[in-house]
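Residues per chain are reported as follows:
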Amino acid sequence: MVSIPACFNKTAELELAASHDDLYADHALIKIENALNEAFIELNILSTSILADDNRRRRVNTTQCQSMKPVEKNLFVKSRFGWRLVALLEEFDLFIVDLMDAQFKARVTRHDFELKKHVH
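Along each chain, residue indices are assigned from 1 in the same order as the chain's sequence is written. Where totals are concerned, whole chains, interfaces and linings use all residues; where local detail is concerned, this predicted model gives features only for residues with pLDDT of at least 70, and gives and counts side-chain atom pairs only at 80 or more. For side-chain calculations, the full set of non-hydrogen atoms in the structure is used, while hydrogens and water are omitted.

**Things to note about the environment of L16**
Each helix is a run of DSSP H or I of at least 4 residues and each strand a run of E of at least 2, with the numbering of both proceeding from the N terminus. When you line up the elements, L16 lands in helix α1 (residues 4–19). The exposure class assigned to L16 is exposed, which follows from its relative accessible area of 54%. Each C-alpha atom of the pair L16 and D26 lies 10.0 Å from the other, and the pair is 10 residues apart in sequence. Burial here depends on accessible area, computed with a 1.4 Å probe over protein chains only, as a share of the maximum for the residue type. Under 20% is buried, over 50% is exposed, and the range in between is partly exposed.

Written as structure tokens, this is what we have:
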């Protein structure tokens, strides 16, 4: 497992190499892009399976309910693939919040929640 900053650096290196006609870098970027696309599609399928409608979205402003200040990190991303990874992580975070919210409010049973958690 590569760290996120290392992923940013490696994809930036691959993009630079691909811009200099490195066929191996092109191939690697295509594989990365396909993996990101598949992850976005899978996350979208999972997300739509738990969202009844937009009316159930946030009713409480969580920024006003903090018990502690959120952690803020600066990102130094030189790669468009790095930015896509950031977008994917953000979508995943929102999905997990929605999944936990749905389970907490019993919109899904514990059994259904466990099944969704293990869906591939």
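**Here's the deal with the side chain of S79**
In this fold, S79 is placed in the loop between α2 (23–50) and α3 (80–104). For S79, a relative accessible area of 1% gives the class buried. We call two residues contacting when some pair of their heavy atoms lies within 4.5 Å. Once residues within four sequence positions are removed from consideration, S79 is found in contact with F8, T11, A12 and E15.

**Some thoughts on the side chain of T11**
The topology assignment puts T11 in helix α1. What qualifies as a polar contact is a pair of N or O atoms within 3.5 Å, subject to a donor-acceptor requirement within protein and to the restriction that residues adjacent in sequence count only when both atoms come from side chains. At 2.9 Å, the side chain of T11 and the side chain of S79 are in polar contact. Beyond its immediate chain neighbours, meaning those up to four positions away, T11 contacts L29, I32, S79, F81 and G82.

**A word on the nonpolar core**
Generally speaking, nonpolar side chains in soluble globular proteins are found buried as a group. In these notes, a set of buried Ala, Val, Leu, Ile, Met, Phe, Trp, Tyr and Cys residues joined through side-chain atoms within 4.5 Å is what counts as a nonpolar core. Counting residues in each nonpolar core, the largest one holds 15 residues, and the members touching the most others are L36, F95 and L99. When residues of this core are traced back to their parent elements, those giving at least two are α1, α2 and α3. Counting residues per element, this core draws most heavily on α2, which supplies 6 residues. In contact with L99, other than residues within four places in its own chain, are I50, F113 and K116.

**Points about a nonpolar patch on the surface**
Like-charged residues within 9 Å of one another, or nonpolar side chains (Val, Leu, Ile, Met, Phe, Trp, Tyr) within 5 Å, are grouped into patches, provided each residue has over 30% relative accessible area and no salt bridge. The accessible surface values rely on the Shrake-Rupley method and a 1.4 Å probe; as for residues, cover is taken only from the protein chains in view. A pair is scored as a salt bridge if a Lys or Arg side-chain nitrogen falls within 4 Å of a carboxyl oxygen belonging to Asp or Glu. Together, F92, I96 and M100 make up an exposed nonpolar region whose accessible area comes to about 270 Å². Inspection of the secondary structure assignment puts F92 in helix α3.

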